[in-house]
Amino acid sequence: MKKLVTCISATMLFISCSEQKYKSSVRFSFSDIPEQTHLKGTAVAFEDIFKPIRLYIKDSILFTVNQSQEYFVTAYNLNSTEKIGDFMPFGSGPDEVLGIRSIQFADSSVWIFDRMRQNLFKYGFEQFLYNREIVPSMKTQTDNTDRILIVDSLLLTNSMSRHEARFSIYDMTGNFLKDAGELPDAGIDMTELERLESYFCDIALNPADKSVFVAYMNTDLIEIYDKNGTLKTRRHGPEHFFPVRKQMSSDGDIRVRSVPGVTRDAYFWPVAFEDEIWTIYSGKAFDPSVKDAFLCNDILVFDWNGRPIRHYITDIPFFSIAIDRAGSAIYGITLNPEFSIVKYNY
């Protein structure tokens, strides 16, 4: 009888899991992606590479965001691999930064977000073409924001204060205007803090119509919103897992932790163009014993209807990517075993 009850319980659990679904979502699998390509990478000898943690490309300039260095940003000529200059020193002065969360290019402007101090700086792109001190033309103070996009003279952000909305929208002086969108709902019982951290995401902007691509980190879910924060599509895949983050309390300190073997990584650092979006995909289960588990080998490409159209698999694992479409190349950061930049021709 005990064995029968166990079998029934397992069957009910399987049925329950198989029926679980995100509201208003469409599922896809690896088999639905029409094109799969394996890529071989080669290390690129950029001058004075030390510890880059993120990459960006604008025209023929490669920007690295650095750690453990005096300057947070270094610019390189992609064609010659020579360094143009170092920019934005570490410091607490009015125009200095404590840490760079993201860089966004908009027309001839470069927007740099210091999450540590919640400052958003605007620079002219031409300032990064020469090795000299740069001066922001604008600075905006934000409010407990994790990600930020400039959308038609407004700031669209992932707020860390409002736990129900997907976005908070501010004017360019940092005044709150409204919330927009809702966090995904799969009927999973979570505390407020678990819900907030389970749906951490990266965001990227379509430079043409200002649609917003959302890539979730703890569930293989992507979303596309219009520039007003209205959901256009939600796609779940390719492996259909849900977030598992558990709230714990220790000595009065409340935290949300990953569960080894259960919590999984999903999408990271999307790169958006007018016709498609490229994003890193992991799918790995959290295992604290695995060294450099954050390195990935997969890149998925979506169109702006949310359909997956290509899947790249690399031989050298990486984290953070930048796409040089003019040169048909992907650049990624790897540990080999030291920090280096690897190039994949596609």
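If you're wondering where the values come from, they're calculated on a predicted model, not measured in any experiment.

Q: Explanation requested: the sheet that holds strand E17 (residues 212-216) in the structure shown.
A: Within a sheet, each strand pairs with its neighbour through backbone hydrogen bonds, oriented either parallel or antiparallel. Pairing is mixed across the open sheet formed by five strands, whose spatial order is E1-E19-E18-E17-E16. Every interior strand has two partners, whereas the edge strands, strand E1 (26-27) and strand E16 (201-205), have only one. Pairing between E17 and strand E18 (residues 221-225): four bridges, direction antiparallel. Considered in E18, the bridge of Ala215 is made with Ile222.

Q: Got a minute to help me understand the pairing of strand E10 (residues 119-124) in this structure?
A: Side-chain positions along a regular strand alternate between the two faces of the sheet. Of all six residues making up E10, five are buried, and the element is well covered by its neighbours. Relative to E10, strand E9 (residues 109-114) runs antiparallel, the two being bridged by six bridges. The residue of E10 that forms the bridge with Ser109 is Gly124. Joining the antiparallel neighbours E9 and E10 is a turn of four residues, in which Gln118 adopts a positive phi near 55°. Direction of pairing for E10 relative to strand E11 (residues 138-141): antiparallel, over a ladder of four bridges. Across the sheet, residue Asn119 finds its bridge partner in E11, namely Gln141.

Q: Would you explain the packing of aromatic side chains in this entry?
A: Centre distance and the angle of the planes are the two values used to describe a pair of aromatic rings. Per the counting criterion, the structure on display carries 26 aromatic pairs. A ring pair is formed by Phe318 and Tyr344, whose centres lie 6.0 Å apart and whose planes are at 65°; its orientation type is edge-to-face. On the criterion of sequence distance, the pair formed by Phe318 in strand E25 (residues 308-324) and Tyr344 in strand E27 (residues 339-345) is long-range, its members being 26 residues apart. Accessibility classification places Phe318 together with Tyr344 in one group, the buried group. Members of the aromatic cluster, joined through ring pairs, are Phe28, Phe30, Phe213, Tyr267, Tyr281, Phe302 and Trp304. The lysine or arginine in question, Lys58, covers the ring of Phe125, its NZ or CZ lying 5.9 Å from the ring centre. Lying across the ring of Trp269, Arg147 places its NZ or CZ 5.7 Å from the centre.

Q: How should I be thinking about the pattern of salt bridges in this particular structure?
A: Where charged atoms from two side chains of opposite charge come close, those side chains can pair. On inspection of all chains with the given rule, the structure shows 17 salt bridges. Residue Glu276 pairs with Arg310 through a salt bridge whose shortest N-O separation is 2.8 Å. One end of the pair, Glu276, is in strand E23 (residues 276-281); the other, Arg310, is in strand E25, and 34 residues separate them in sequence. With a closest N to O distance of 3.1 Å, Arg307 and Asp303 form a salt bridge. In this structure Arg307 comes out as partly exposed when scored by relative accessible area, which is 42%. Its relative accessible area of 11% is what places Asp303 among the buried residues. Residues participating in the shared-partner salt-bridge network are Arg101, Arg115, Asp146, Arg147 and Asp202.

Q: Quick question: what am I supposed to make of the layout of surface pockets here?
A: Roughly 1200 Å³ of internal volume is contained in the largest pocket. Taken together, 41 residues form the lining of the largest pocket, with Ile103, Gln104, Phe105, Leu205 and Ala272 sitting closest to its centre. In terms of residue class, the lining of the largest pocket is built from 24 nonpolar, five polar and twelve charged. If you go around the second largest pocket, you meet 24 residues; those closest to its centre are Met217, Asp265, Phe268, Ala293 and Phe294.

Q: Before we go on, may I ask you to explain the side chain of Arg235 in this structure?
A: By the secondary structure assignment, Arg235 is in strand E19 (residues 231-236). Buried and unpaired, Arg235 has no salt bridge, with Asp303 as the nearest side chain of opposite charge at 6.2 Å. Among the polar contacts made by the side chain of Arg235, one reaches the main-chain carbonyl oxygen of Asn305 at a distance of 3.3 Å. Those residues within four positions of Arg235 in sequence are excluded, and the remaining contacts are Val26, Phe28, Asp220, Leu221, Ile222, Asn305, Gly306 and Arg307.

Q: Is there a simple way to think about the nonpolar core in this case?
A: Looking at soluble globular proteins, one finds that nonpolar side chains tend to be buried together. In this structure, Val73, Met88, Ile100, Ile103, Ile112, Tyr123 and Phe128 are the most contacted members of the largest nonpolar core, which totals 20 residues. Those elements that provide at least two residues to this core are strand E5 (61-66), strand E6 (71-77), strand E7 (83-89), E9 and E10. In this structure, Val73 is in contact with Phe63, Thr64, Asn66, Gly85, Asp86, Phe87, Met88, Ile100, Ile103, Ile112 and Phe128, ignoring residues within four places of it in sequence.

Q: Help me understand unusual backbone geometry, please; the structure alone is not making it clear to me.
A: Leaving glycine aside, a negative phi is the common case for residues, and trans is the common case for peptide bonds. Residue Pro238 follows Gly237 across a cis peptide bond; omega there is 10°. In this structure, Pro238 sits in the loop between E19 and strand E20 (245-250). You will see that Thr81, though not glycine, has its phi angle at about 65°, which is positive. Inspection of the secondary structure assignment puts Thr81 in the loop between E6 and E7.

Q: Any chance you could explain empty space enclosed by the protein here in plain terms?
A: The tally for this structure, following the rule as stated, stands at four cavities of 30 Å³ or more. Asp146, Asn158, Ser159, Met160, Arg166, Leu196, Phe200 and Cys201 together form the lining of the largest cavity. Grouping the constituent residues of the lining of the largest cavity by class yields four nonpolar, two polar and two charged.

Rules behind the numbers
- Residues numbered from 1 in each chain as written.
- Predicted model: local features only at pLDDT ≥ 70, side-chain atom pairs only at ≥ 80, totals over all residues.
- Heavy atoms only, no water.
- Pairing = 2+ DSSP bridges.
- Helix = DSSP H or I, 4+ residues; strand = E, 2+ residues; numbered from the N terminus.
- Buried < 20%, exposed > 50% of the residue type's maximum accessible area, 1.4 Å probe, protein only.
- Phe/Tyr/Trp six-rings, centres within 6.5 Å; stacked < 30°, edge-to-face > 60°.
- Lys NZ or Arg CZ within 6 Å of the ring centre and 35° of its normal.
- Salt bridge = Lys/Arg side-chain N within 4 Å of Asp/Glu carboxyl O.
- 1 Å grid on protein atoms, 1.4 Å probe; cavity = no way out; pocket = protein on both sides within 12 Å on 5 of 7 lines; lining within 4 Å.
- Points joined across faces, edges and corners; volume = space filled by probe spheres on them.
- Nonpolar A, V, L, I, M, F, W, Y, C, P; charged D, E, K, R; others polar.
- Lys, Arg positive; Asp, Glu negative; His and termini not counted.
- Polar contact = N/O pair within 3.5 Å; in protein donor to acceptor, adjacent residues only side chain to side chain.
- Contact = heavy atoms within 4.5 Å.
- Core = buried A, V, L, I, M, F, W, Y, C linked by side-chain atoms within 4.5 Å.

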